[in-house]
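# Coordinates in review
Chain by chain, the residues:
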Amino acid sequence: MRSSASLYVSDVKLLLDTPEDVAYQMNREGVNDIDYIFYSHWHPDHTLGLRIVEKMYRFWLGTFVRGDKQLKKVKICALTKVMTDLYNVYGTFLNYYMRLGLIEKISLENATSYQIRDYSVTPFEVLGSNVISTVFLIKHGNRKVIYAPCDVKPFPQDLRLRKPDLLILGEVFPEGPLKEGITIPEDNPLRRELFSMEEALKLAKNLEAKKTVFTHIEEEWGKSYDDYKVIEGLYGRENIAFAYDGMKINL
Ligand SMILES: [Zn+2]
């Protein structure tokens with residue numbers, strides 16, 4: 001079983017998306033602090049693990065018996081339109097955590113950078129066919145990473161997104177028969193949402209990405225990690241890699 005897609009930037013304790021298994025993933029990797037959570041979009045596979053803020057920063061027994069002070073307020077950040085979606089879907093839940101003092105919300109402006117110490121995070125809005133999603137540009141010094149995990153078609157056009165040291169792209173399907181022998185027909189609407197390998201490589205080339213990592217793989221394609229290693233070999237010169245649970249990247 002593969003875990004869901006999420007990215008943790010350790011220097012600034014920034015978590016991008018909270019899939020339902022994120023708490024287990026953080027435990028497994030020994031990550032024990034979060035200052036920021038940035039949301040790409042409201043979909044459940046990116047949000048249902050929000051309870052992680054309670055698991056990490058609310059010690060109920062200590063609070064009620066010893067009178068412990070609230071440990072931390074995690075900053076929940078998203079584009080204004082994505083924040084509206086989040087509140088439409090999870091409003092009661094988010095307001096409850098606000099009342100407990102566990103979170104505060106920060107709405108981000110499209111294509112405007114948000115500074116966290118010497119890092120900047122710039123969200124670019126993606127108006128997809130069924131949801132508003134986000135491509136994040138994360139910069140530190142002269143290094144650039146693009147995190148585009150899900151529903152990022154049409155990919156935003158902006159000069160700042162050019163020449164990333166790393167492009168992390170989700171929802172790329174390999175060719176050939178997928179799970180249960182299914183092949184996605186040429187005219188199937190799924191192709192409008194997802195990237196074929198060819199499209200993904202073209203995008204990486206157009207952006208002049210130095211390296212590309214494919215994420216949000218999960219189980220849908222019915223392939224094992226060995227299968228992905230074979231595909232990586234086929235595209236050896238393109239400098240691509242398929243992500244795996246616990247993958248660490250140093251730039
Ligand atoms: Zn997704």
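Scroll up for the structure.
Let us look at the structure shown here.

Criteria and cut-off values
Residues numbered from 1 in each chain as written. Predicted model: local features only at pLDDT ≥ 70, side-chain atom pairs only at ≥ 80, totals over all residues. Helix = DSSP H or I, 4+ residues; strand = E, 2+ residues; numbered from the N terminus. Buried ≥ 20, exposed ≤ 12 C-beta atoms within 10 Å, placed from the backbone. Contact = placed C-beta atoms within 7 Å. Core = buried A, V, L, I, M, F, W, Y, C linked by C-beta atoms within 7 Å. Pairing = 2+ DSSP bridges. Axes fitted to C-alpha atoms, helices over the stretch in contact; angles between N-to-C directions. Expected span 1.5 Å × (residues − 1). Bend = angle between axes of the 7 residues up to and from the residue. Right-handed = clockwise from strand over helix to strand, strands pointing away.

## Some remarks on the overall build of the protein chain
In terms of regular secondary structure, the protein chain is built from eight helices and 14 strands. Overall size of the protein chain, expressed as C-alpha extent along the three principal axes, is 60 × 40 × 35 Å. Sorting the 251 residues of the protein chain into buried and exposed places 31% on the buried side. A separation threshold of at least 6 residues defines the contact pool for the protein chain, and within that pool the share at least 24 residues apart is 60%.

## With respect to the nonpolar core
One finds Phe38, Ala78, Ile146, Tyr147 and Ile168 to be the most contacted residues of the largest nonpolar core, which totals 55 residues. The greatest single-element share of this core, amounting to five residues, is contributed by strand β4 (residues 74-79). Contact partners of Ile168, with chain neighbours within four places excluded, come to Leu7, Val145, Ile146, Tyr147, Ala148, Val213 and Thr215.

## Looking at the sheet that holds strand β7 (residues 119-127)
What the seven strands build is an open sheet, ordered β6-β7-β8-β9-β10-β13-β14; its pairing is mixed. Edge strands, defined here as strands with exactly one partner in the open sheet, are β6 (114-116) and β14 (240-242). Taken over all neighbouring pairs, the strand axes of this sheet differ in orientation by 20° on average, direction set aside. Pairing geometry for strand β10 (residues 166-170) and strand β13 (residues 212-215), over four bridges, is parallel. Its bridge partner lying in β13, Gly170 is registered against Thr215.

## Some details on the sheet that holds strand β5 (residues 103-108)
Taking strand neighbours across the sheet as the criterion, the five strands line up as β1-β2-β3-β4-β5 in an open arrangement whose pairing is mixed. Looking at strand neighbours, the two that pair on one side only are β1 (7-9) and β5, the edges of this open sheet. If you compare each strand with its neighbour and ignore which way they point, the axes differ by 20° on average. Note: strand β2 (residues 14-16) against strand β3 (residues 36-38), three bridges, orientation parallel. Among the inter-strand pairings, Leu16 is bridged to a residue of β3, identified as Phe38.

## Looking at helix α5 (residues 80-99)
Note: α-helices contain 3.6 residues per turn, so residues at a spacing of three or four share the same orientation. Along its 20 residues, α5 runs just 21 Å from first to last C-alpha, ending more than 12% under the 28 Å computed at 1.5 Å per residue. The sharpest bend along α5 measures roughly 95° and falls at Tyr90. Every buried residue of α5 is accounted for by Val82, Leu86 and Tyr97. In the core, the buried residues of α5 are packed alongside α3 (52-57), β4, β5 and β8 (132-140). Note on α5: the residue one or two positions beyond its end, Gly101, has a positive phi of about 75°.

## Re the pairing of β5
Bridge count between β4 and β5: six bridges; the pairing is parallel. Bridge pairing in β5 places Ile76 opposite Lys105. What joins β4 to β5 is α5, and the crossover it makes is right-handed.

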